[in-house]
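For reference, the chains in residue letters:
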Amino acid sequence: MPGPGRICSNPTVTELRTSETKLEFPYSRTTGPVIGAFLAGLREGRVLGIKGSDGRTLVPPPEYDPETGESLGVDLIEVGPLGTVQAWAWVSNPLPKHPLDRPFAFALIRPDGADSAMLHAVDAGDSGNMRTGLRVRPRFKSEPTGLITDLEAWEVAE
Amino acid sequence: MSAESPARKEEMVMEHLVSLTYRERLTPSLNRFVDRILEGELIGHRCPSCSRVYVPPKGYCPLCVVTTSAEDEVQVSDRGILTGFTIITPVAYYGQQATDPFVYASVLLDGASTPVGGQDITGVAHDRIHTGMRVRAVWRPPAERRVEGITNRGWGGLDAVIESFEATGEPDAAPEAYKEHLF
Amino acid sequence: MAARDIAIIGYAQTPSQRDAIQSEVQLLVGTITDAVTMAGINRREIGFTCAGSCDYLTGGPFAFVSNLEAAGSWPPISESHVEADGAFAMYEAWMRLQEGDIDIALAFGSGKSSPSNPAEVWAHQLDPYYLAPLGADPVSLAAIQARALLDSGRATERDFAEVVARSRARATANPNAQLSGAVDVDALLAAPYHTAPLRRHDLPPISDGAAAVIMARGDKARELCSRPAWIRGMDHRIDPHQPGVRDITTARSATMAAQKAGYDGGPLDVAEISATFSPQEIILREALGLPDGTEINPSGGPLAGNPVMAVGLIRVIEAAARIIGGGADRALAHATAGPLLQQNLVCLMEGE
């Protein structure tokens, strides 16, 4: 029960009604040659990265270097197929907009050959199966829709 | 191994639906407005400083920046002046439900200082609608009145309670009566 | 004219509430009026106004425009808005005052988190291609950050719980806090995980609230306030957005913002920092270079009340209040934006 505010219209109000509004924006976002190529790679079951200004391989591939701002071109590099969990969290109660509807880990995963980590889900089944350093393998959707979630989740590879 | 740029056109566009839901309690003054409108009465708050009447009541006067409360409640008429309007030809877009051209009008109710916007005008051909027209509310039957569209931010309409406004047949109001209350 | 010649002379905040019955604008009407009253000025003396809020939080494009009704925008005023916390609005107003042609500025921040699900709203501040479609929410991200911090050996889960216990204990003296009280660290550690390794108490509450500050320059500040909180420096910096390209157990942009704001690592009477999740207090203490023994978040901090879009400005207010009324001589306030401490603002204040 909220306490009295400094502005109180009427101390004997009827029970306050609730309004419900929904904001919906159906974006069609152009992807460009870098992001588009990355998403195309997922459709083919591949994870792609790009060389940054200092020669390190970044995944997912940015269009511009995060340190120098330099344009990184459009030549993508295949990384993986396996990856290593760098850090993780156990989502005991998934939300409707999460990638999985059963408990899973959100994690930073560094694909083999990459020097950065990508945020994604690990479908580990149980938190006891998760640890930093875990080796994981990507699982791709059989019917891709052109989103990062075409990589449905990573799975335990050990 | 380097990847080629996406060959397929559909890979160059990513479909992303952003969908967010907001459930907010009506403020006490707006809740009171809803109580009364369901009973066929329109109320507002009169600013104790400048005497302007705000419909629906916001709980404050934006010009004086003073709070208003139930003590400042006044009833206004369900008749008034059409202060401005446009005829909108619907364009198809996500969420668009209108198909035929419709009226979007502001009505300054007798006793109010702020018009209510987004009103439909019925009973008169679109090309005969004009500012200054005297109009009155066409209320839905009490059992059909719905208030879910009314929000604190004022974006919801009253159309689920007041279906539209229609001409009263009275002579037009003089511009002086509404020129400072257009929108 | 010196940038150092600008001070906070008035402020106000609403209590942090789980579900305010007033609209966001109503919250601001009272808050701005109280700040103006404390400053002892007439509203018309304000030469520039800057507001901080987030339309995605409020629930509609251009929602921020109606907040101006609380500032009294007729006759027309000179104003600006940032889609950010009120602390960033204060930064813009501070910059504006340095032009030298106006003496007084108002900055405010507001937000009601209660009408929406923060987990869904804040997923949309993320990269729309690589992150947002995953629905990655702030709690999940903070939990990953917590795990990384534990893995680094620089903190333990007990350290997290101790941050929470301190926050709740300090908040008992704060009439504006939402969560307060004495809590036992072992009892906290016995609670189940919410999103491992974070427990529910490691997360901030969901809060509605608003805050406002009045700043004045030079002699005007001295005329209006017996002990202004002089802004010695203010700066904000931003890190890369993708969490996988930086070390999320540090906040490099916070370190840089502190340096650029002129903080030299010396003694502080108080530091109010926007550690929204308990592990972030440990990260920020290190990143800002706060000396051991610094009193951190005597207000209880965001863990005691988190009205997003006002919470950073409230840190500034809590720090300034201890200078203006409390005898503190040197205070640091910190605000943050973006996922995982991506963007950080530091404000360094001193009594005369």
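Residues numbered from 1 in each chain as written. Chains lettered and ligands numbered in written order. Predicted model: local features only at pLDDT ≥ 70, side-chain atom pairs only at ≥ 80, totals over all residues. Heavy atoms only, no water.

**Student:** Would you explain the overall build of chain A in this entry?
**Tutor:** Helices and strands together make up the secondary structure of chain A, namely 1 helix and 9 strands. Starting at the N terminus, the α and β elements of chain A follow one another as β-α-β-β-β-β-β-β-β-β. For a compact globule of 158 residues, the expected C-alpha radius of gyration is about 15 Å, and chain A comes in at 21 Å, more than 25% above that figure. For the C-alpha atoms alone, the extent of chain A along its principal axes is close to 65 × 40 × 35 Å. Each of the 158 residues in chain A was classed as buried or not, and the buried ones make up 47%. Total accessible area on chain A stands at roughly 7300 Å², and carbon and sulfur atoms take up 49% of it. Distance from the positive charge centre (16 side chains) to the negative charge centre (21 side chains) of chain A: 4 Å. (Helix = DSSP H or I, 4+ residues; strand = E, 2+ residues; numbered from the N terminus. Rg over C-alpha atoms; globule rule 2.2 N^0.38 Å. Buried < 20%, exposed > 50% of the residue type's maximum accessible area, 1.4 Å probe, protein only. Areas by Shrake-Rupley, 256 points an atom, 1.4 Å probe, with all protein chains shown as cover. Lys, Arg positive; Asp, Glu negative; His and termini not counted. Charge placed at Lys NZ, Arg CZ, Asp CG, Glu CD.)

**Student:** I'm lost on the domain arrangement of chain C in this one. Help?
**Tutor:** One widely used convention gives an interface's size as the accessible area the parts lose upon coming together. Residues and elements named next belong to chain C. Here chain C is partitioned into domain 1 (2–117 + 206–229) and domain 2 (118–205 + 231–350). Between the C-alpha centres of domain 1 and domain 2 there is a distance of 22 Å. Opposite the 49 residues of domain 1 that make contact, domain 2 presents 43 residues. Summing the contributions of domain 1 and of domain 2, the shared interface buries around 3700 Å²; its carbon and sulfur component is 65%. It is Phe 88, Asn 117 and Arg 227 in domain 1 that bury the most area against domain 2; as a group they hold 19% of the surface buried on that side. Scanning the region where domain 1 abuts domain 2 turns up 1 salt bridge. Between Asp 329 and Arg 227 there is a salt bridge whose closest N-O contact spans 2.9 Å. Along the contact surface separating domain 1 from domain 2 lie 17 residue pairs in polar contact (both at pLDDT 80 or more). Going through the elements one at a time, strand 1 (6–13), helix 2 (55–58), helix 4 (86–97), strand 4 (104–112) and strand 7 (208–217) are the ones with two or more residues in the side of domain 1 that touches domain 2. Looking at the side of domain 1 that touches domain 2 residue by residue, the classes come out as 29 nonpolar, 15 polar and 5 charged. (Domains from an automatic or database assignment. Contact = heavy atoms within 4.5 Å. Buried area = accessible area lost by both parts, 1.4 Å probe. Salt bridge = Lys/Arg side-chain N within 4 Å of Asp/Glu carboxyl O. Polar contact = N/O pair within 3.5 Å; in protein donor to acceptor, adjacent residues only side chain to side chain. Nonpolar A, V, L, I, M, F, W, Y, C, P; charged D, E, K, R; others polar.)

**Student:** Sorry, what's going on with the confidence of the model for chain A here?
**Tutor:** Low pLDDT marks stretches whose predicted atomic positions should not be read closely. Across chain A, pLDDT averages 91, with 91% of residues at or above 70. When the criterion is pLDDT under 50, residues 1–11 of chain A qualifies, and its contacts beyond four places in sequence or with other chains add up to 23 contacts. (pLDDT = per-residue confidence, 0-100.)

**Student:** Is there a simple way to think about the side chain of Ser253(C) in this case?
**Tutor:** All names here are of chain C. Structurally, Ser 253 can be placed in helix 10 (residues 252–260). From its side chain, Ser 253 meets the backbone oxygen of Gln 342 in a polar contact 3.2 Å long. Sequence-distant contacts of Ser 253, defined by excluding residues within four places in its chain, comprise Arg 237, Ile 238, Asp 239, Leu 341, Gln 342, Gln 343 and Asn 344.

**Student:** It is not clear to me how empty space enclosed by the protein should be interpreted in this structure. Could you clarify?
**Tutor:** A water-sized probe, rolled over the atoms, reveals where empty space remains. Residues and elements named next belong to chain C. The final tally for this structure, using the stated rule, is 4 cavities of 30 Å³ or more. The calculated volume of the largest cavity comes to roughly 80 Å³. What lines the largest cavity is a set of 13 residues, and nearest its centre among them are Ser 16, Asn 174, Asn 176, Gly 305 and Arg 315. Of all the elements, helix 12 (residues 311–324) adds the most residues to the lining of the largest cavity, at 3 residues. Across the lining of the largest cavity, the residue classes tally to 3 nonpolar, 8 polar and 2 charged. In this structure, the second largest cavity occupies an estimated 60 Å³ of space. As for the second largest cavity, its lining consists of Val 163, Arg 166, Ser 167, Arg 170, Ala 275, Glu 281, Ile 296, Asn 297, Gly 300 and Leu 303. Tallying contributions element by element places helix 7 (residues 157–171) first for the lining of the second largest cavity, with 4 residues. A per-class count over the lining of the second largest cavity returns 4 nonpolar, 3 polar and 3 charged. (1 Å grid on protein atoms, 1.4 Å probe; cavity = no way out; pocket = protein on both sides within 12 Å on 5 of 7 lines; lining within 4 Å. Points joined across faces, edges and corners; volume = space filled by probe spheres on them.)

**Student:** Hey, could you run me through the packing of helix 4 of chain C against helix 12 of chain C in this one?
**Tutor:** Residues and elements named next belong to chain C. Close contact between helix 4 and helix 12 brings their axes to 5 Å; oriented N to C, the two are set at 65°. As summarised for this structure, helix 4 and helix 12 are arranged roughly perpendicular, according to the angle between their axes. Contacts between helix 4 and helix 12 pair Gly 86, Ala 87 and Met 90 from the former with Gly 312, Leu 313 and Val 316 from the latter. Classifying every residue of the contact of helix 4 with helix 12 by side-chain character gives 4 nonpolar, 2 polar and no charged. (Axes fitted to C-alpha atoms, helices over the stretch in contact; angles between N-to-C directions. Parallel < 35°, antiparallel > 145°, perpendicular 65-115°, else oblique.)

**Student:** Would you mind going over the interface of chain A and chain C with me for this structure?
**Tutor:** Taken together, the contact between chain A and chain C spans 40 residues of the former and 44 residues of the latter. When chain A packs against chain C, close to 3500 Å² is buried across both sides, 65% of that on carbon and sulfur atoms. Along the contact surface separating chain A from chain C lie 2 salt bridges. The residue Glu67(A) makes a salt bridge to Arg252(C) at a minimum N-O spacing of 3.1 Å. Those elements that place two or more of their residues in the side of chain A that touches chain C are strand 1 (18–30), helix 1 (32–43), strand 5 (83–91), strand 6 (104–111) and strand 7 (118–122) of chain A. Ranked by residue count, the leading element in the side of chain A that touches chain C is strand 5 of chain A, at 6 residues. Residue classes in the side of chain A that touches chain C are distributed as 26 nonpolar, 10 polar and 4 charged. The sheet contact formed by strand 5 of chain A and strand 5 (residues 193–196) of chain C spans 2 bridges and is antiparallel. Its bridge partner lying in strand 5 of chain C, Val91(A) is registered against Thr195(C). (Pairing = 2+ DSSP bridges.)

**Student:** It is not clear to me how the packing of aromatic side chains should be interpreted in this structure. Could you clarify?
**Tutor:** Tallying each qualifying case throughout the model produces 5 aromatic pairs over all chains. For the pair Phe38(A) and Tyr130(C), a centre-to-centre distance of 5.1 Å together with 75° between the ring planes defines the contact as edge-to-face. Separated into two different chains, Phe38(A) in helix 1 and Tyr130(C) in the loop between helix 5 (118–121) and helix 6 (138–152) make up a pair that spans both. Residue classification places Phe38(A) among the buried positions, given a relative accessible area of 0%. (Phe/Tyr/Trp six-rings, centres within 6.5 Å; stacked < 30°, edge-to-face > 60°.)

**Student:** Sorry if this is basic, but what is going on with the pairing of strand 7 (residues 73–76) of chain B here?
**Tutor:** Put simply, side chains in a regular strand alternate between the two faces of the sheet. Residues and elements named next belong to chain B. On strand 7, burial follows the alternation: Val 74 and Val 76 on one face are buried, whereas Glu 73 and Gln 75 on the facing-out side are not. Pairing of strand 3 (residues 42–46) with strand 7 involves 4 bridges; the strand directions are antiparallel. From the neighbouring strand, Leu 42 faces strand 7, where its bridge partner is Val 76.

**Student:** What is the right way to read the packing of helix 7 of chain C against helix 11 (residues 278–288) of chain C from this model?
**Tutor:** Any two packed helices are characterised by the angle at which their axes cross and by the distance between the axes. All names here are of chain C. One can describe the packing of helix 7 onto helix 11 by two numbers: an axis separation of 8 Å at closest approach and a directional angle of 95°. With respect to helix 11, the element helix 7 is oriented roughly perpendicular. On helix 11, the residues touching Asp 159, Phe 160, Val 163, Val 164 and Arg 166 of helix 7 are Ser 278, Pro 279, Glu 281, Ile 282 and Arg 285. Grouping the amino acids of the contact of helix 7 with helix 11 by side-chain chemistry returns 5 nonpolar, 1 polar and 4 charged.

**Student:** Looking at this structure, I do not really get the confidence of the model for chain C. What am I missing?
**Tutor:** Summarising the model, chain C shows a mean pLDDT of 97, and 99% of its residues fall at 70 or more. Here the prediction assigns the complex a pTM of 0.95, and the interface score ipTM is 0.95.

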